[in-house]
Amino acid sequence: MCLNFNSMFILVLMMKGLLTWLRSTRSGKFFPIDQHIIFHKCVATVILLQSVLHFIGHLGRYITTDPPKFEVWEYMFTTRTPEGWVNGSAGITGVLLLIILVVMCILSQPSVRKRGLFELFYYTHHLYIVWWALLIFHAPNFWEWFIVPGGLYIAERILRLRIVNRARYGKTTIEEGITLPSKVIHLVIKRPPTFQYNPGDYVIVNIPQIAKYEWHPFTISSSPDLTGYFWLHIRGVGTWTKKLYDYYEDKEEEECTRKSVKRATIRQAKAKSINDKERQTQRSILQRYTTSIKRDGVRAIMEKVEEEREEEIDPNNNESVDGLSEVVIENEQTISEEKETVVLSRSNNVENRLLQQNERRQSLWRNGTNKLE
């Protein structure tokens, strides 16, 4: 009876939905609900000890039976004996139950879970389904103890399915992960519209990038009045939390390298533009310098030509002076002759105009006299 009760009670201690509801009631103050995992481990240890004693007791009974109806191995590994809920199933199911229980207890130790072997613990711990199924066939009266908590557990597992949670609350994602000192990660999670919580509530988180099948509970650190998001502050202590911190730390480093590369490209572009501007200014300065050199060169050449001309016209040379005076005199004579021709042409034009006017007057006078006659 005690073993049947413990095998049922260990299941009740892991019904998180039922325990959360019980905590919210007045009677929850009288039960140490927050220590349910510790009680779960204690009950598991008691079940293991009781199972070993139970196995040794039946083994001794098989050995001391006189006269023996069956051999010991026939009791343990065959279905010839009439014991069990199903005839002959007590011996072989008992051996399997003990093996499964030992495996589950060994692989659930902290030395296994905290060394990066959580998935091994997770998969082997799901052997509890086989364990309870075998226990129903092994013990004739166990189903009476198991039917109510087993039904509640199945209903809770259905409500905890991912598809059901999405239908109830909607899909949510982690919008941002910020690493803080002391190995603390600040998660900003998108809040579904129908998700409501109170101060002190917790959520069970699964991040496939860290571990596909691991679910871990964390207390919500943000206020319920915060709309659109809710926060979690997680310290990197265990294997999963350290992986989570390292994951977002690597993402921040990648983001920093991207930004640094982007800044480097921007700096290179700016430096290139500055170099281009400097080259343009240098080219313009060179062009100005070359044009100034050309102008100065032309001026120097003109000055040199003028100097050569001045050197050719020497005031001490009388022949050159006489030649220049003759040229000037000849030029003056030609200019005076041109002026005289211009004056004569103008006087001739005036005389011609006067003659034409006189002729017109005479013609008009003649025409007038003819009309009077």
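Residues numbered from 1 in each chain as written. Predicted model: local features only at pLDDT ≥ 70, side-chain atom pairs only at ≥ 80, totals over all residues. Heavy atoms only, no water.

An unreviewed UniProt entry lists the protein under the name NADPH oxidase 5, from Paramuricea clavata.

Here we come to the sheet that holds strand β2 (residues 184–190). Each strand in a sheet pairs with its neighbour through backbone hydrogen bonds, running either in the same direction (parallel) or in the opposite one (antiparallel). The strand order across the open sheet formed by three strands is β1-β2-β5, and the pairing between neighbours is antiparallel. Of all the strands in the sheet, the pair left with one neighbour each is β1 (174–180) and β5 (229–235). Within the sheet, the average angular offset between the axes of one strand and its neighbour, ignoring direction, is 20 degrees. Sheet topology note: the β1/β2 ladder contains six bridges and is antiparallel. Bridge pairing in β2 links T179 to I185. (Pairing = 2+ DSSP bridges. Helix = DSSP H or I, 4+ residues; strand = E, 2+ residues; numbered from the N terminus. Axes fitted to C-alpha atoms, helices over the stretch in contact; angles between N-to-C directions.)

A few words now on unusual backbone geometry. If you check the backbone angles, S182 has positive phi at about 65 degrees while not being a glycine. As for its placement among the helices and strands, S182 is situated in the loop between β1 and β2. For S182, a relative accessible area of 54% gives the class exposed. The phi dihedral of K183 is positive, around 60 degrees, even though this residue is not glycine. The residue K183 is located in the loop between β1 and β2 in this model. (Buried < 20%, exposed > 50% of the residue type's maximum accessible area, 1.4 Å probe, protein only.)

Two numbers describe how helix α5 (residues 90–107) lies on helix α8 (residues 128–138): the axes approach to 9 Å, and their chain directions differ by 155 degrees. On the basis of their axis angle, the class for α5 and α8 is roughly antiparallel. The two elements α5 and α8 cross, and the hand of that crossing is left-handed. Taking contact as the criterion, the partners of A90, T93, G94, L96, L97, I100, L101 and M104 in α5 are, on α8, Y128, V130, W131, L134, L135 and H138. Its residues assigned to classes, the contact of α5 with α8 shows 11 nonpolar, three polar and no charged. (Parallel < 35°, antiparallel > 145°, perpendicular 65-115°, else oblique. Left-handed = near helix turned anticlockwise from the far one by under 90°. Contact = heavy atoms within 4.5 Å. Nonpolar A, V, L, I, M, F, W, Y, C, P; charged D, E, K, R; others polar.)

Now for helix α9 (residues 142–159). Helix length check: α9 (18 residues) gives 26 Å between terminal C-alpha atoms against 26 Å at 1.5 Å per residue, within 8%. A bend of about 35 degrees at V148 is the largest found in α9, and the proline P149 appears one to four places after it. Buried within α9 we find F142, F146, P149, G150, Y153 and E156. Considering only its buried residues, α9 is in contact with α1 (2–12), α2 (16–24) and α8. (Expected span 1.5 Å × (residues − 1). Bend = angle between axes of the 7 residues up to and from the residue.)

A word on the packing of aromatic side chains. Throughout the structure, instances matching the rule amount to 13 aromatic pairs. In textbook terms, an aromatic cluster arises when at least three aromatic residues are bridged by ring pairs, as seen for Y128, W131, W132, F142, F146 and Y153. (Phe/Tyr/Trp six-rings, centres within 6.5 Å; stacked < 30°, edge-to-face > 60°.)

The subject of this paragraph is the packing of α8 against α9. Across the interface, α8 lies against α9 with an axial gap of 10 Å and an inter-helix angle of 150 degrees. With respect to their mutual orientation, α8 and α9 come out roughly antiparallel. As for how α8 packs across α9, the hand of that crossing is left-handed. Only F142, W143, F146 and Y153 of α9 make contact with α8, whose side of the interface consists of Y128, W132, L135 and I136. Grouping the constituent residues of the contact of α8 with α9 by class yields eight nonpolar, no polar and no charged.

What follows is about the side chain of E156. With respect to the helices and strands, E156 occurs in helix α9. With sequence-adjacent residues up to four places away left out, E156 is seen in contact with M14, M15, K16, G17 and L18.

A few words on a nonpolar patch on the surface. Nonpolar side chains collect at one region of the surface, where L18, W21, W85, V86, F137, W143, I147, V148 and L152 lie side by side and expose about 900 Å² of accessible area between them. Broken down by secondary-structure element, the contributors of at least two residues to the nonpolar patch are α2 and α9. The leading source of residues in the nonpolar patch is α9, at four residues. Assessed through its relative accessible area of 53%, W21 is described here as exposed. (Patch = residues over 30% accessible without salt bridge, like charges linked within 9 Å, V, L, I, M, F, W, Y side chains within 5 Å. Areas by Shrake-Rupley, 256 points an atom, 1.4 Å probe, with all protein chains shown as cover. Salt bridge = Lys/Arg side-chain N within 4 Å of Asp/Glu carboxyl O.)

The terminal C-alpha atoms of α5, which comprises 18 residues, lie 26 Å apart, in line with the 26 Å expected from a rise of 1.5 Å per residue. Along α5, the residues classified as buried are A90, G91, T93, G94, V95, L97, L98, I100, L101, M104, C105 and L107.

With numbering aligned to this structure, UniProt lists the feature "transmembrane region" (unreviewed entry) at residues 6–22, 43–64 and 84–108. A distance of 31 Å separates the end C-alpha atoms of residues 43–64, which is 100% helix and 0% strand. (UniProt positions renumbered as here; feature names shortened; annotations may be inferred.)

Attention shifts here to the side chain of T93. With respect to the element layout, T93 can be found in helix α5. Polar side-chain contacts of T93 include one of 3.2 Å to the backbone oxygen of A90. Side chain to side chain, T93 and H138 meet in a polar contact 3.0 Å long. Leave out the neighbours within four places in its chain, and T93 touches L134 and H138. (Polar contact = N/O pair within 3.5 Å; in protein donor to acceptor, adjacent residues only side chain to side chain.)

Applying the stated criterion to the full structure yields two salt bridges. Here D34 and R23 are joined by a salt bridge, their closest N and O atoms 2.8 Å apart. Taken together, the positions of D34 in the loop between α2 and α3 (36–64) and R23 in helix α2 put the pair 11 residues apart, joining distant regions of the chain. For R23, a relative accessible area of 36% puts it in the partly exposed group. Measuring nitrogen to oxygen at the nearest pair gives 4.0 Å for the salt bridge that ties K183 to D246. A residue pair is termed long-range when its members are at least 10 positions apart, and K183 in the loop between β1 and β2 and D246 in helix α11 (residues 239–312) qualify at 63 residues. Residue classification places K183 among the partly exposed positions, given a relative accessible area of 40%.

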